[in-house]
Amino acid sequence: AAGAAGAAGAAGAAGAAGAAGAAHVAPAAAAAGESSPARVADVVVAPVVVEANAADERDAVSAAHSEDAARARREPAFVTVVRLDERQAETQSLAEALAESVGVHVRSFGGLGAHTSLSIRGAPAGQTEILVDGVPLTRIAFSAADLGTLDPATFERVEVYRGGVPVALGGAALGGAVNLITAVGPGPGGRRLVASLGGGSFGARRARVISRDRFRAGRLATSLAIGYAGATGDFEFFDDNGTPLEPRDDAMPTRSNSDFDQLDGAGRMRWRASGTTVEAGQRASWKTQGLPGPATVMSRSATLATLRAITDLRATKTRAFGRDELDLGGSAYFVAERQHFADPLGEIGLGVDDRTYTTLAGGVGGTAALALGERQLAQALLEGRAETLVEEDHLAERVPASGRRLAAAAALADEILLGPDGRVALHPALRLDLLRTTPPQVRGMAATGAPRSDLQLSPRIGARWAISSALSLKGNVGRYFRAPTVVELFGDRGWVVGNPGLEPETGTTLDLGLVLAPTGLGTIDRLFVEVVTFANRSQSLIAFVPTSGLASVARNLGDARLAGHELTVAFRCFRLLTFTGNYTFLDTLNRSSLVSFDGKRLPGRPRHEASLRVEATRRSRGLELGLFADALVDDGNFLDGGNLNRVPARRLFGAGVRGRRGSFTATLAVKNLTDEIVEEIPLSPSPRPGLDSVPRAVSDVLGHPLPGRALYATLELAL
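Cut-offs used in this document
Residues numbered from 1 in each chain as written. Predicted model: local features only at pLDDT ≥ 70, side-chain atom pairs only at ≥ 80, totals over all residues. Heavy atoms only, no water. Helix = DSSP H or I, 4+ residues; strand = E, 2+ residues; numbered from the N terminus. Buried < 20%, exposed > 50% of the residue type's maximum accessible area, 1.4 Å probe, protein only. Contact = heavy atoms within 4.5 Å. Areas by Shrake-Rupley, 256 points an atom, 1.4 Å probe, with all protein chains shown as cover. Core = buried A, V, L, I, M, F, W, Y, C linked by side-chain atoms within 4.5 Å. Phe/Tyr/Trp six-rings, centres within 6.5 Å; stacked < 30°, edge-to-face > 60°. Pairing = 2+ DSSP bridges. Salt bridge = Lys/Arg side-chain N within 4 Å of Asp/Glu carboxyl O. Patch = residues over 30% accessible without salt bridge, like charges linked within 9 Å, V, L, I, M, F, W, Y side chains within 5 Å. 1 Å grid on protein atoms, 1.4 Å probe; cavity = no way out; pocket = protein on both sides within 12 Å on 5 of 7 lines; lining within 4 Å. Points joined across faces, edges and corners; volume = space filled by probe spheres on them. Nonpolar A, V, L, I, M, F, W, Y, C, P; charged D, E, K, R; others polar. Polar contact = N/O pair within 3.5 Å; in protein donor to acceptor, adjacent residues only side chain to side chain. pLDDT = per-residue confidence, 0-100.

## Describing the overall build of the chain
Across its full length, the chain carries five helices and 38 strands. Out of the 719 residues in the chain, the part that is buried amounts to 51%. Partitioning the intrachain contacts of the chain with sequence separation of at least 6 by distance along the chain shows that 65% fall at a separation of at least 24. Of the roughly 30,100 Å² that the chain leaves accessible, carbon and sulfur atoms contribute 62%.

Take a look at the structure:
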């Protein structure tokens, strides 16, 4: 029980540390299990460090899930917490872990380590903010972050916001926000050292060592991780040779130039004392990968190397300046990324390429939270950031071109409790963003365009009604935006041409839903149900449109309308069987100035998507044996904007077994159990008698096949 209580307290404190201000519990709201800004007296005691056994670890995990459920009832935003540290031994990519979350869809270019983008509630990948410990990864040149460069083993959990994104996470989050949180301090069961070694199909291999500890009577918590991952990616796939109506030239070749190698390290510390919390982290990663290209015209030599470093520092002070009602916070970060793209044979673009892109970004921010009595908590935020891009063309006789973007933001937010018992809460917020973008310019030459400024206002409001201690009704409505990137504005890369007259993408989102998370149900010790209806509308979507020549020009296409429903059901019974199921229905409509896209559904967004995971664990005579199975099903998906390439219903299954004795854990997992690599595409009308369908490789992106059945094994030592 002490271990479970400690885990729940640590999880709650970690969440409070990243917020603009901590909400304290008022007596009336406490009865309903909800938060309130009222202040109570502090009682400071020495931290209690509990050395836990396996039973304590299970209790700690349950406490963490209970805290997640309480947070889902309490916050107006619909947020899903994915606990990555519970499934590190399953050789999952970050995209695979997030794909099981409701409302989330991932698109992969195929194979381990491949470029992967994420879409929330059907919004384009560029409209989803990706953050690492609160540090945004959105870059000045490219709006979408590649999830394939992030190893989930270095993170404790991921917070996925769907609608109602907090103003502290940015204004450019029309689709939502994904915040990856690094683990700090001992893991479940008091684990301080974890070493793992694994490998499997298609040359997959990985090794990792993680040290997590606590010092100074528990006031200082640390984490240090270093790891390697790689794969050859040599899987077989179906290739119709670019002639889908002619089966005689179909083949099953092996994917080439699909290998990758990645090294990464992460360190983080957190210090707490006398109402002050200081947290600092450093991450670095290096990845080199082949770019295989589409199946019918595979690249043999194109490569991409990425070097990235992230540094951040943040501090919070409760009851600042001796005032019980005031909390203050500050943060700073720096991100450096260098990418080298080499295409010596001109297999990817329109010609031979050898370029380096260096992005530097830094920012500072400050927050203040002021309790106005027992029923209102006002918050304020100020932040500024600067980004610069340097592009080097190693084949051209010119000096590097550089561009920059400066940004400032101010935000106000409020939490107001209504009613005699504080069960109703309103969360209005307003964020103002100012961006100044300067085009890339070569010294001694004229700029490719004039600098431009964008001013965007993002109002939003959320509401929560605690109907009971187990049931909450929540809703959100807000306006968001995405400013054009430097490439979209001023790009000139031979086959990509920018457009300085682009308007920012803007949109409005709204949602309404119920969250049910009761306790004390006897044999069912954990139950969570969430039902949500949502609608989004985006204006002035940006895309590169082919011209009559060989180049593509950035244009504002028009509007996109999205609406749907989300259902999540999760429970555990007899402390033995755990069930998690998600279903998303999504209806999309593209209102474009291009006739071929107008009135069509957005590509890469399945109309129906469901995930299911079942786990069963049994302990006997010192051996813990676990079985797990999962399924991912989607239907109603197109790979292209013209809706000509429909994807039939896809069913991907996986299964595995996990055994644990003492400090050792062995895991064996199979993915794509049915080896689904070819799909039959119906033809209507039939081009000739007897030809009603054609085979096509299973893919998320047109022409980039996904791997078939794969087997992975991992051995882990935890002390």
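## Description of the nonpolar core
Ranked by internal contacts, the top residues of the largest apolar core, which has 27 residues, are Leu-94, Leu-98, Leu-118, Val-158, Val-178 and Leu-180. Taken together, the elements giving at least two residues each to this core come down to helix H4 (94-99), strand S2 (104-108), strand S3 (116-120), strand S4 (128-132), strand S6 (157-162), strand S7 (176-181) and strand S14 (326-343). With five residues, the top contributor of residues to this core is H4. Ignoring anything within four residues of it in the chain, the contact list for Leu-94 reads Leu-84, Leu-147, Leu-150, Pro-152, Val-158 and Leu-180.

## What to know about the packing of aromatic side chains
Counted under the stated rule, the structure contains two aromatic pairs. Aromatic pair Phe-202 and Phe-235: ring centres 5.8 Å apart, planes at 65°, arrangement edge-to-face. Here the residue Phe-202 occupies a position in the loop between strand S8 (193-200) and strand S9 (204-215), and Phe-235 occupies one in the loop between strand S10 (220-231) and strand S11 (260-273), the gap between them amounting to 33 residues. Pairing Phe-571 with Phe-579 gives two aromatic rings, centres 5.2 Å apart and planes at 25°, and the pair type is stacked. Overall, Phe-571 belongs to the partly exposed group, its relative accessible area being 25%. Classification of Phe-579 by relative accessible area gives partly exposed; the value is 24%.

## A look at the sheet that holds strand S1 (residues 78-83)
Here five strands make up an open sheet; going across it, the order is S1-S6-S7-S4-S5 and the pairing mixed. Every other strand in the sheet has two partners, leaving S1 and strand S5 (135-136) as the edge strands with one partner each. Here S1 runs beside S6; their pairing, made up of six bridges, is antiparallel. Along S6, the bridge assignment pairs Val-82 with Val-158.

## Details of the pairing of S7
With six of six residues buried, S7 is to be regarded as a mostly interior element. The side-chain alternation of S7 yields two buried faces, one formed by Gly-176, Val-178 and Leu-180 and the other by Ala-177, Asn-179 and Ile-181. Alignment of S4 against S7, held across five bridges, turns out to be parallel. Within S7, the residue paired with Thr-128 across the bridge is Gly-176. Note that S6 and S7 share five bridges and pair antiparallel. Counted as the bridge partner of Val-160 is Val-178 from S7.

## What to know about the pattern of salt bridges
As enumerated under the stated definition, the model contains 46 salt bridges in all. The partner of Asp-630 in a salt bridge is Arg-613, with the nearest N and O atoms 3.7 Å apart. A residue pair is termed long-range when its members are at least 10 positions apart, and Asp-630 in strand S29 (residues 623-635) and Arg-613 in strand S28 (residues 608-620) qualify at 17 residues. In this structure Arg-613 comes out as buried when scored by relative accessible area, which is 5%. Three or more residues joined by partner-sharing salt bridges are found here, namely Asp-133, Arg-268, Arg-270, Glu-279, Asp-312 and Arg-314.

## Overview of a nonpolar patch on the surface
There is a patch of nonpolar side chains on the surface, built from Leu-623, Leu-625, Leu-627, Val-657, Leu-668 and Leu-711 and spanning about 470 Å² of accessible area. With three residues, S29 is the largest single contributor of residues to the nonpolar patch.

## Comments concerning empty space enclosed by the protein
Empty space among the atoms becomes visible once a probe the size of a water molecule is rolled across them. Enumeration over the complete set of coordinates arrives at seven cavities of 30 Å³ or more. Here the second largest cavity defines a volume of roughly 130 Å³. Lining the second largest cavity we find 15 residues, and of these Thr-149, Leu-150, Asp-264, Arg-283 and Ser-285 sit closest to its centre. When residues of the lining of the second largest cavity are traced back to their parent elements, those giving at least two are S11, strand S12 (276-290) and strand S13 (303-317). A per-class count over the lining of the second largest cavity returns six nonpolar, five polar and four charged.

## Structural notes on the side chain of Arg-431
Following the sequence through the fold, Arg-431 ends up in strand S18 (residues 424-442). A residue is classified by how much of its surface remains accessible, and Arg-431, at 1% relative accessible area, is buried. Within the structure, the side chain of Arg-431 is placed 2.7 Å from the backbone oxygen of Val-167, a separation counted as a polar contact. A distance of 2.6 Å separates polar atoms of two side chains, one belonging to Arg-431 and the other to Glu-383. When near neighbours in sequence (up to four residues on either side) are disregarded, Arg-431 contacts Val-167, Gly-170, Gly-171, Leu-381, Glu-383, Ala-409, Ala-410, Ala-411, Gln-456, Leu-457, Ser-458 and Arg-460.

## Concerning the environment of Thr-303
Here Thr-303 is to be found in strand S13. Taking the C-alpha atoms as reference points, Thr-303 and Asp-354, separated by 51 residues in sequence, lie 9.8 Å from one another. Here Thr-303 is in contact with Gln-289, Gly-290, Leu-291, His-340, Phe-341 and Ala-342, once residues within four sequence places are set aside.

## Structural notes on the confidence of the model for the chain
Looking at the chain as a whole, the pLDDT averages 83, with 87% of positions reaching at least 70. Confidence, expressed as mean pLDDT per element, reaches its minimum in the chain at helix H2 (residues 27-32) with 34 and its maximum at S12 with 96.

## Some thoughts on unusual backbone geometry
Positive phi, close to 55°, is recorded for Arg-121, a residue that is not glycine. Mapped onto the fold, Arg-121 is located in the loop between S3 and S4. Its identity is not glycine, yet Asn-672 carries a phi of approximately 50°, on the positive side. Mapped onto the secondary structure, Asn-672 falls in the loop between strand S33 (664-671) and strand S34 (678-682). Residue Asn-672 is classed as buried on the basis of its relative accessible area, which comes to 8%.

## Looking at the pairing of S9
Consecutive residues of a regular strand have side chains that alternate between opposite faces of the sheet. Here S8 pairs with S9 via eight bridges, running antiparallel. Directly across from Gly-199, in S9, lies its bridge partner Arg-205. Between S8 and S9, which pair antiparallel and follow one another directly, the connecting turn spans three residues, one of which, Phe-202, has a positive phi of 55°. Here S9 pairs with S10 via eleven bridges, running antiparallel. Looking at the pairing, Arg-208 lines up with Gly-227 of S10.

## Quick word on the environment of Gly-330
By secondary structure assignment, the location of Gly-330 is in strand S14. Residue Gly-330 is classed as partly exposed on the basis of its relative accessible area, which comes to 30%. When the C-alpha atoms of Gly-330 and Arg-314 are compared, they prove to be 5.6 Å apart, with 16 residues separating the residues in sequence. Residues in contact with Gly-330, not counting those within four places in the same chain, are Leu-313, Arg-314, Ala-315, Gly-365 and Gly-366.

## Some details on the environment of Val-364
By the element assignment, Val-364 lies in strand S15 (residues 353-371). Exposure remark for Val-364: the relative accessible area of 53% places this residue in the exposed category. Sequence spacing of Val-364 and Tyr-333 is 31 residues, and the spatial spacing of their C-alpha atoms is 6.6 Å. Non-local contacts of Val-364, meaning those with residues more than four positions away in its chain, are made with Ser-331, Ala-332, Leu-382, Glu-383 and Gly-384.

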